[in-house]
Amino acid sequence: MIRLLGYFFGIGVVFFLLVAAGVFIYVGDLSKELPDYEVLSKYEPPVTTRIHSVDGQLMGEFARERRLYIPIQAVPDRVKAAFLSAEDKNFYKHRGVDFFALARAMVTNIENYRNNRRLIGASTITQQVAKNFLLTRDRTVDRKIKEAILAFRIEQAYSKDRILELYLNEIFFGAGAYGLAGASLTYFGKSINEVDLHEAAYLATLPKAPSNYHPFDDTEAALDRRNWIIDRMVDNGYVTEQEAEIAQAKGLDVNFRRSGASVFASEYFTEEARKEIIERYGEDALYEGGLSVRTTLDPDLQDLARQALQNGLVKFDRNWGWRGAERQIDISGDWGIPLADEPTYRDVPQWKVAAVLSVGEEAVQFGLQPKKDVSGAVDAKRETGTLAVSDLKWAFRMRDEDGKRVTAESINEVVAPGDVIMVEYVQEEDAFGLRQVPSVSGALVAMDPNTGRVLAMAGGFSYYDSQFNRATQAYRQPGSSFKPFVYAAALDNGYTPASVILDAPIKLVSGGRVWEPKNYSGGGAGPSTLRLGVERSRNLMTVRLAKDMGMRLVAEYAEQFGIYDKMLPVLAMSLGSGETTVLRMVSGFSVLANGGRQITPSLIDRVQDRYGKTIYKQDSRLCEGCNSTRWLNQEEPELIDTRDQILDPMTAYQITSMMEGVVQRGTATKLRALERPIAGKTGTTNDEKDAWFVGYTPNLVTGVYVGFDKPTPMGRGSTGGELAAPIFQQFMSAALEDVKPTKFKVPEGMSLIKINRKTGMRAFDEGAGDLIVEAFKPGTGPADSYFVIGAEFALSETPEEALERQLKISPKAQQAVQTNQGGLF
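Keep in mind that what you see is a predicted model, and the values were worked out from it rather than measured. (Residues numbered from 1 in each chain as written. Predicted model: local features only at pLDDT ≥ 70, side-chain atom pairs only at ≥ 80, totals over all residues. Heavy atoms only, no water.)

1. Describing the overall build of the protein chain
Piece 1. A tally of helices and strands in the protein chain yields 23 helices and 30 strands.
Piece 2. Residue burial in the protein chain is summarised as follows: out of 825 residues, 50% are buried.
Piece 3. With the model as given, the accessible surface of the protein chain reaches about 40,200 Å², and the carbon-plus-sulfur share is 50%. (Helix = DSSP H or I, 4+ residues; strand = E, 2+ residues; numbered from the N terminus. Buried < 20%, exposed > 50% of the residue type's maximum accessible area, 1.4 Å probe, protein only. Areas by Shrake-Rupley, 256 points an atom, 1.4 Å probe, with all protein chains shown as cover.)

Rendered as structure tokens:
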């Protein structure tokens, strides 16, 4: 018996050794196929890029996986406890594999197999890290063994906290959220250090199977598992029974955070910043790099820009005419259901979507769009209101499909039951008003002229109506708003504000084609100073001036100012017939406002990588001595401005002073109501297809453009002074409400001399009218003789006839000719 037992024992030992050898060889072969776990030390998961306004408010997020990386030190202990209780309560005790949990799982799975139930796993958090980072999700024995081997190796190489940090930042929580910090924001709109016990437990519920514990589709299952986790937290000593009871009595309290812009009405700006990041760093950096982008946007100014542009466009559109409802819905049943699906304009919050329910002789009854909860369910509450027919008189002026004006004879021609309309409650009138999205559009850009930082940008009436950004993407003719750059080129090359140019008809022939430009008001004013040419926006004067200078010089200046990349040097371009954008025009005017320093428009102040290192900074000025550690009686550090001086500061002041006259006496006198120094220029293109105003104070430049997206005449009188200037006025009035008026600074060395505003000659009679103080550069001043530039180009006139006409127009000219014969030509 002993020999027999020894025999069987020997066989058993041999068999065990053979099996052990086989297992060793098998595991060894699997080990050769294992990935390098040391890559975990270089782990950089795809992280959300976040874009912020200048004051730190969130504007937008961009990610393929919505994840915010958070170090383990920033995770509250109670949140850690929830995940440990749900996934691996012995995490801080085992060495990578929990053999006790594995044994329990094997016993449970035998029972589950007999009853055809789903088998359960016993993977530790370390094993899950190995699977998620290094292995596939195949449900095979090979993969489980590899997982265990890697878990042992990971435990030897990394601390428990590092492993838990990797796990919490990698796992998927559903609803597009990756990582703990991203999930907290997505489900509760809170940072992770703000979540309560019941919220932390629900987050710990999700990694197992997010789709099985959806807060609205699977509420009961989600509550059951959340409460089970809270019970495990009690068993493991993390919370008291009283705390658990309070937490379990609460609902899930999920409040999905709406993705997209958080700063109100910042969508146009955010999209431009997004495109700039892609251009600088590529798409992967934007959607996976976890960049922190601080923009130049001022949220307060942005809202003011939105309001001003929207109000201006609505005012024009009401005069243009009612176009009818764009859509109809079935109101025979519950009208709230189809109405709830109608698009809204989130950046026009005062407007409400409504459906016409009935049309009477005295009033129109409508139903307001019901709200939806976060699950998409439509609120059962129905609200209605009325529109008084007497308040709809503007809508009787209608436009047909061809754009022709027609007049409705009854309210039934204006609206009909089932029409989807927009309404606004007007508090001053205690009544609702009918609204429509304007067919005309436009843009507004506000900029700091000293730095080029874009402070506000409205690219259209509503981003939710059209994502086309008219501030940066719409290339339109600037018309007369381009003239300051023509006159600046002249002032920089020997002309003065008092130089006199003939404002009279002119005919130009080139290549067999005849061009006869005209002033907006028709006719001509005869000899006029450069100042009058700017103030009154004289086309004929501008053409003569450009011809006298040469268009190549004008083109060179326009390109330096950034208005055009390559300007065609033809005379028509002097009247703003080339196409450019609002942003480019505002940038050009900023050079005039800041004293001639070249600027680059900037939407982004600073970009930091995922580790907080600054990789881009807009302010590139040098400051020697700014980082001194102590005071040693040295000079105060000074910021060194290295930007190019592309315009003489004295020229910049001269053209600024001339554009102040546009507001005081010229085409934008509406703006005198601002009661502060304002320089600016109106612009109106042929057939009133484009209306512009660009103006500035010493520290704020704003440009406004109005026009149809498909260039269409807006009607006689639709000028920059009538359409764009009031929008500028509303914005600047609010933006500068608490800012003390500041005068434009006169550069040192300039002479201020009183002249006759019409003749440009020195004013000897202090009591005479039409006097103005003009700024002259050193070595220049009012002309001693009366000389008219461009008189040789007068249409159908000989020099003698031109001279005779000048003398009839101006006694001063007559006096000048008598004193200095031949000075005219």
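2. A closer look at the sheet that holds strand E25 (residues 679–684)
Piece 1. Across the sheet, which stays open at both edges, the five strands sit in the order E16-E15-E27-E26-E25 with antiparallel pairing between neighbours. Bordering the open sheet on either side are strand E16 (454–458) and E25, each of which pairs with just one other strand. The average angle at which neighbouring strand axes cross in this sheet is 5°, direction not considered.
Piece 2. Relative to strand E26 (residues 691–697), E25 runs antiparallel, the two sharing six bridges. Each residue of the ladder has a partner; that of Thr-682, found in E26, is Phe-693.
Piece 3. Here helix H13 (residues 299–320) sits on the sheet and contacts strand E15 (441–447), E16 and strand E27 (700–707); the angle it forms with E16, its principal contact strand, is near 30°. (Pairing = 2+ DSSP bridges. Axes fitted to C-alpha atoms, helices over the stretch in contact; angles between N-to-C directions. Contact = heavy atoms within 4.5 Å.)

3. As for the pairing of E16
Piece 1. Taken across its five residues, E16 has five buried, putting it largely inside the fold.
Piece 2. Between E15 and E16, which pair antiparallel and follow one another directly, the connecting turn spans six residues, one of which, Gly-452, has a positive phi of 85°.

4. Focus: the nonpolar core
Piece 1. If you look at the biggest cluster of nonpolar residues, it comprises 131 residues, and the most contacted ones within it are Leu-592 and Phe-731.
Piece 2. Contacts of Leu-592, omitting those with residues within four sequence positions, involve Pro-484, Phe-485, Ala-488, Phe-561, Leu-647, Ala-652, Ile-655, Thr-656, Met-659 and Tyr-696.
Piece 3. If you look at the next biggest cluster of nonpolar residues, it comprises 53 residues, including Tyr-43, Ala-82, Tyr-158 and Val-239. (Core = buried A, V, L, I, M, F, W, Y, C linked by side-chain atoms within 4.5 Å.)

5. Topic: the sheet that holds strand E17 (residues 500–503)
Piece 1. Strand order in the open sheet formed by three strands is E20-E17-E30, and the pairing between neighbours is mixed. Two strands bound the open sheet, and with one partner strand each, they are strand E20 (526–529) and strand E30 (788–789).
Piece 2. Relative to E20, E17 runs antiparallel, the two being bridged by four bridges. What sits directly across from Asp-503, in E20, is Gly-526.
Piece 3. On top of the sheet, helix H17 (residues 539–549) reaches E17, E20 and E30; it is set at about 125° to E17, its chief contact.

6. Remarks on the packing of aromatic side chains
Piece 1. Tallied over the full model, the rule gives 26 aromatic pairs.
Piece 2. For the pair Tyr-425 and Phe-432, a centre-to-centre distance of 5.4 Å together with 65° between the ring planes defines the contact as edge-to-face.
Piece 3. According to the relative accessible area criterion, Tyr-425 is partly exposed, its value standing at 39%.
Piece 4. Residues Tyr-463 and Tyr-464 carry aromatic rings whose centres are separated by 5.9 Å and whose planes lie at 85° to one another, so their mutual orientation is edge-to-face.
Piece 5. Residue classification places Tyr-463 among the buried positions, given a relative accessible area of 16%.
Piece 6. Grouping aromatic residues by their ring pairs yields a cluster made of Phe-482, Phe-485, Phe-561, Tyr-564, Phe-589, Tyr-696 and Phe-744.
Piece 7. One cation-aromatic arrangement involves Arg-399 over Trp-320; the distance from NZ or CZ to the ring centre is 3.7 Å.
Piece 8. Sitting over the ring of Tyr-520, Arg-716 keeps its end group 4.3 Å from the ring centre. (Phe/Tyr/Trp six-rings, centres within 6.5 Å; stacked < 30°, edge-to-face > 60°. Lys NZ or Arg CZ within 6 Å of the ring centre and 35° of its normal.)

7. What about helix H21 (residues 720–735)?
Piece 1. The set of residues buried in H21 consists of Gly-720, Gly-721, Leu-723, Ala-724, Ala-725, Ile-727, Phe-728, Phe-731, Met-732 and Ala-735.
Piece 2. The elements touched by buried residues of H21 are H13, E15, E25, E26 and E27.

8. Focus: empty space enclosed by the protein
Piece 1. Overall, the coordinates contain four cavities of 30 Å³ or more when judged by the stated rule.
Piece 2. Surrounding the largest cavity, 14 residues form its lining, Ala-265, Tyr-268, Arg-306, Asp-347 and Gly-460 being those nearest its centre.
Piece 3. Of all the secondary structure elements, the ones that give two or more residues to the lining of the largest cavity are helix H11 (267–281), H13 and E16.
Piece 4. By residue number, the principal contributor to the lining of the largest cavity is H13, which donates three residues.
Piece 5. For the lining of the largest cavity, the residue count by class is six nonpolar, five polar and three charged.
Piece 6. The calculated volume of the second largest cavity comes to roughly 50 Å³.
Piece 7. Put simply, the parts of the chain that give the lining of the second largest cavity at least two residues each are strand E3 (66–67) and helix H7 (180–188).
Piece 8. The element contributing the most residues to the lining of the second largest cavity is H7, with three residues.
Piece 9. In terms of residue class, the lining of the second largest cavity is built from two nonpolar, three polar and four charged. (1 Å grid on protein atoms, 1.4 Å probe; cavity = no way out; pocket = protein on both sides within 12 Å on 5 of 7 lines; lining within 4 Å. Points joined across faces, edges and corners; volume = space filled by probe spheres on them. Nonpolar A, V, L, I, M, F, W, Y, C, P; charged D, E, K, R; others polar.)

9. Overview of the layout of surface pockets
Piece 1. One number sums up the size of the second largest pocket: a volume of about 1,000 Å³.
Piece 2. Lining the second largest pocket are 40 residues, with Thr-451, Ile-599, Thr-600, Pro-601 and Ser-602 sitting closest to its centre.
Piece 3. Elements represented by at least two residues in the lining of the second largest pocket include exactly H11, helix H18 (551–560), helix H19 (582–593) and strand E22 (614–617).
Piece 4. Counting residues per element, the lining of the second largest pocket draws most heavily on H11, which supplies five residues.
Piece 5. For the lining of the second largest pocket, the per-class residue count stands at eight nonpolar, 15 polar and 17 charged.

10. Here's the deal with the pattern of salt bridges
Piece 1. Across all of its chains, the model carries 35 salt bridges by this definition.
Piece 2. For Arg-306, the salt bridge identified is with Asp-303, shortest N-O distance 2.9 Å. With Arg-306 and Asp-303 both in helix H13 and three residues apart, this pair spans about one turn of that helix.
Piece 3. Assessed through its relative accessible area of 23%, Asp-303 is described here as partly exposed.
Piece 4. Notably, a salt bridge pairs Asp-334 with Arg-382, separated by 2.9 Å at the nearest N-O pair. With Asp-334 in the loop between strand E7 (327–328) and helix H14 (336–340) and Arg-382 in the loop between strand E9 (363–368) and strand E10 (384–388), the pair connects residues that are 48 residues apart, well separated along the chain.
Piece 5. Through salt bridges with shared partners, a single ionic network connects Arg-531, Glu-535, Arg-665, Arg-757 and Glu-774. (Salt bridge = Lys/Arg side-chain N within 4 Å of Asp/Glu carboxyl O.)

11. Quick look at the packing of helix H15 (residues 483–491) against helix H20 (residues 649–664)
Piece 1. For the pair H15 and H20, interaxial distance at closest approach is 9 Å and the crossing angle is 135°. Here H15 lies oblique to H20, going by the angle between them. Classified by chirality, the crossing of H20 by H15 is right-handed. Note on element contacts: H20 touches H15 through Thr-651, Gln-654, Ile-655, Met-658 and Met-659, opposite Pro-484, Tyr-487, Ala-488 and Leu-491.
Piece 2. Among the residues making up the contact of H15 with H20, the classes are represented as seven nonpolar, two polar and no charged. (Parallel < 35°, antiparallel > 145°, perpendicular 65-115°, else oblique. Left-handed = near helix turned anticlockwise from the far one by under 90°.)

12. Here we look at unusual backbone geometry
Piece 1. With a phi angle near 55°, Asp-253 is a residue other than glycine that sits in the positive phi range.
Piece 2. Positionally, Asp-253 belongs in the loop between helix H10 (241–248) and H11.
Piece 3. The exposure class of Asp-253 is partly exposed, given its relative accessible area of 46%.
Piece 4. One non-glycine residue, Glu-675, lies in the positive phi region at around 55°.
Piece 5. With respect to the helices, strands and loops of the structure, Glu-675 is situated in the loop between H20 and E25.

13. Concerning the side chain of Thr-270
Piece 1. Relative to the assigned elements, Thr-270 resides in helix H11.
Piece 2. Residues in contact with Thr-270, not counting those within four places in the same chain, are Ile-51, Met-59, Gly-60 and Phe-62.

14. Here we look at the environment of Ala-86
Piece 1. Mapped onto the fold, Ala-86 is located in helix H2 (residues 77–87).
Piece 2. We classify Ala-86 as buried; its relative accessible area is 13%.
Piece 3. C-alpha of Ala-86 to C-alpha of Met-233: the two residues are 147 residues apart in sequence and 8.5 Å apart in space.
Piece 4. When near neighbours in sequence (up to four residues on either side) are disregarded, Ala-86 contacts Ala-204, Arg-225, Trp-228 and Ile-229.

15. Considerations on H18
Piece 1. Of all the residues in H18, the buried ones are Met-551, Val-554, Ala-555, Tyr-557 and Ala-558. The buried side chains of H18 occupy one side of the element, clustering within an arc of 165° when seen end-on.
Piece 2. On its buried side, H18 packs onto H15 and H17. (Arc of directions from axis to C-beta.)

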